[in-house]
Amino acid sequence: MHHTATSPPSGPTDAPSATPAPSLPETQKRILVVLLASQVLSGVGLAAGVTVAALLAQDMLHSTTLAGLPSALLTAGSALAAVTIGRISQTRGRRPGLAAGYLAGATGGAGVVAAAALGNPALLFISLFLYGAGTAANLQARYAGADLAAPRHRARALSTVLVATTLGGVVGPNLTAPAGHLAAALALPPLSGLFLISSAAFALAALTLLIWLRPDPLLLARTLPSEPEAPERTGTGPAPDVPQPVTHRRPGLPLGVLVMVLSQLVMVAIMTMTPVHMHDHGHSAAASGLVIALHVGAMYLPSPLTGALTDRYGPTATAAASGLTLLAAGILAAAAPADSVLLLTLALVLLGLGWNFGLVSGTTIITDAVPLATRARTQGVVDVAIAMAGATGGMTSGIVVAAAGYPLLALTGAAFALALLPTVIVTSRKARPAHLPRNAGNWS
C-alpha cells in the first residue's frame, strides 16, 4: 500500500482508531453527493457533442461523408484525456484529475462557439478534440464513486454516480432550440448555442469538485487498511480479512475491457448517425433532440437497477444482457421506417440500455481486478481503449451511411453485439478459476 502524504483535511487527529469505522460511510455518502452534483452539470455538457456536433460539421463542410468526424474527434480527445486524468488522479487524487478534465472540456466548448462564429472548420475540429476531455472526466467520475465502496457494493456505488448524468443528459438535448435562440440573440450560429451552455456547465462541474470533493476518495482509500479481495460474485459473504494476492484477479480485466469496448463501439456508431438520418428525412432538430434525450436517459437512468442486479447476479450475466440488448437495438434501428420517430426512439432507448449494462458490468469487473496501488492509472488506460472504440465507431459511421445507408450501419452494430455473447461466455470461463495466478501485469 502507498503511504499518503496528503491526509484528508476533514479527519480528526485525536482519535485515529475510532474514526475510520463510524465516519467512512458518512464520508462516502458526502463524496457521492458531490459527485452527483458535478455529474448533473457535466451531463448537460455531454448533450452538445451528441446532438449538434455532427449537424454543425455537416453545415460547415456541406457534406454527410464527414458527419461522423466530430464524434471521432470527441472520442479521440476523450482517449487522450482519459490517460491524462488517470495519471493525475494516480499521483494527486481524483479531485485535481477530474477538475482538469472538465476545465479542458469547457475550453473546447468555447472554441467550438468561436469556430462556428468564424466559419473555421480547422478550429472546430481542434476544439471538438479538446471538448472530449469533459466526456472523459464524466465517465471517470464513476471510479471515484467506487473508491471507498465495499467490494460487494461497488456496482451500486458507481451506478449511483452514473445515474446523476441522466438529468443533465436528458435536459441538455432539449435545450437545443432555446440555446439556438440564445446564440442568435448573441449574433452566433444557432447550432453553437448548445456548446455555449455546455461550456459553462463543464466549468461549473470543475468548480464543484475543486471546492467540495474533500477528502479525496482515492487518497483516503489508500490510508485505510488493506481491502480484502472481492469474492467471486455468487452471493457469498466477504472474503477473509487477510489480503490475498491481487494477481489472481487479473483474468477479469480483459473481460471487463472487452465488454465496454464493444458496447461503446456499437452505441457510438448508431447514435452518431441517428440525428443525421432523421435530419435527412425531414425531421426537425427538436425531434432528433428528443430522441437523443431519451437515448441518453436510457444510458444512465437504469444505473441503480443495473448496479443492484450486477451485485446480486454477477457482472458476467449483466454483460450478456448488454450484448442481447444491443443486438435488439441494432435490428430495430435497421428495420424502423425513416419517418417513424417512435420506432427510432425505441431503438435508441434499447441502445442506451445495452450500453449501460456493458458499462456497469465492465467497470465492476475492472475495479475488482485492479489494486489501489495502480487503480487510477489502469482505469485511465482502460478508458483510452473505450474512447478509441468510440472514435472508430464515430468515424466509420458517416462513411458507412454515405456509402450504404443507415440500416446497414445499424445491422453492422447488431452483428458486433451478437459477437459479444460467445466472447463473454468463453472469456468468463477462462477467468473462472480465480485461485490460479495468471500473468497479466502488462495491464497495470
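Just so we're clear, the structure is a prediction, and the values are computed from it rather than from any experiment.

The rules behind each value
Residues numbered from 1 in each chain as written. Predicted model: local features only at pLDDT ≥ 70, side-chain atom pairs only at ≥ 80, totals over all residues. Heavy atoms only, no water. Helix = DSSP H or I, 4+ residues; strand = E, 2+ residues; numbered from the N terminus. Buried < 20%, exposed > 50% of the residue type's maximum accessible area, 1.4 Å probe, protein only. Areas by Shrake-Rupley, 256 points an atom, 1.4 Å probe, with all protein chains shown as cover. Expected span 1.5 Å × (residues − 1). Salt bridge = Lys/Arg side-chain N within 4 Å of Asp/Glu carboxyl O. Core = buried A, V, L, I, M, F, W, Y, C linked by side-chain atoms within 4.5 Å. Contact = heavy atoms within 4.5 Å. pLDDT = per-residue confidence, 0-100.

## Some remarks on the overall build of the chain
- The number of helices and strands found in the chain is 16 helices and 0 strands.
- Taken over 444 residues, the chain has a buried fraction of 57%.
- Counting only carbon and sulfur atoms, one obtains 70% of the accessible surface of the chain, whose full area is about 16800 Å².

## Considering unusual backbone geometry
- Omega for the bond connecting Arg214 with Pro215 falls within 30 degrees of zero, at 0°, which places this linkage in the cis form.
- Relative to the assigned elements, Pro215 resides in the loop between helix 8 (193–212) and helix 9 (217–223).
- One non-glycine residue, Ala187, lies in positive phi territory at about 65°.
- With respect to the secondary-structure elements, Ala187 resides in the loop between helix 7 (176–185) and helix 8.

## Some points on helix 11 (residues 285–300)
- The end-to-end C-alpha distance of helix 11, which contains 16 residues, comes to 22 Å, matching closely the 22 Å that a straight helix rising 1.5 Å per residue would cover.
- The buried fraction of helix 11 is high, at 12 of 16 residues.
- Here helix 11 has its buried residues at Ala287, Ser288, Gly289, Val291, Ile292, Ala293, His295, Val296, Gly297, Ala298, Met299 and Tyr300.

## Observations regarding the pattern of salt bridges
- Throughout the structure, instances matching the rule amount to 4 salt bridges.
- Linking Asp383 and Arg142 is a salt bridge whose minimum nitrogen-to-oxygen distance equals 3.2 Å. Of this pair, Asp383 sits in helix 15 (residues 375–404) while Arg142 is found in helix 5 (residues 121–146), placing the two residues 241 residues apart along the sequence.
- Judged by its relative accessible area of 5%, Asp383 falls in the buried class.

## Description of the nonpolar core
- Judged by nonpolar contacts, the single largest core of 54 residues is most densely connected at Leu351, Val382 and Tyr406.
- Elements with a contribution of two residues or more to this core: helix 5, helix 6 (154–171), helix 10 (252–280), helix 11, helix 13 (315–335), helix 14 (341–369), helix 15 and helix 16 (406–431).
- Among the elements that make up this core, the one with the highest residue count is helix 10 (14 residues).
- Excluding residues that lie within four positions of it along the chain, Leu351 makes contacts with Val266, Met267, Ile270, Met271, His295, Leu326 and Ala329.
- Formed by 50 residues, the second largest nonpolar core is a distinct cluster that contains Leu35, Leu124, Leu128 and Ala137.

## Considerations on the side chain of Asp147
- Residue position: Asp147 is located in the loop between helix 5 and helix 6.
- Look at Asp147 and you get buried, because its relative accessible area is 4%.
- Ignoring anything within four residues of it in the chain, the contact list for Asp147 reads Arg94, Pro217, Leu218, Ala221 and Arg375.

## As for the confidence of the model for the chain
- Mean pLDDT for the chain: 81, with 82% of residues reaching 70 or above.
- Between the elements of the chain, mean pLDDT differs from a low of 79, seen in helix 2 (residues 53–61), to a high of 95, seen in helix 4 (residues 94–118).
- Taken as a whole, residues 1–22 scores under 50 in pLDDT and shows 16 contacts with residues more than four places along the chain or in a different chain.
- Under a pLDDT of 50 for its full length, residues 433–444 has, in the predicted model, 20 contacts with residues more than four places off or in other chains.

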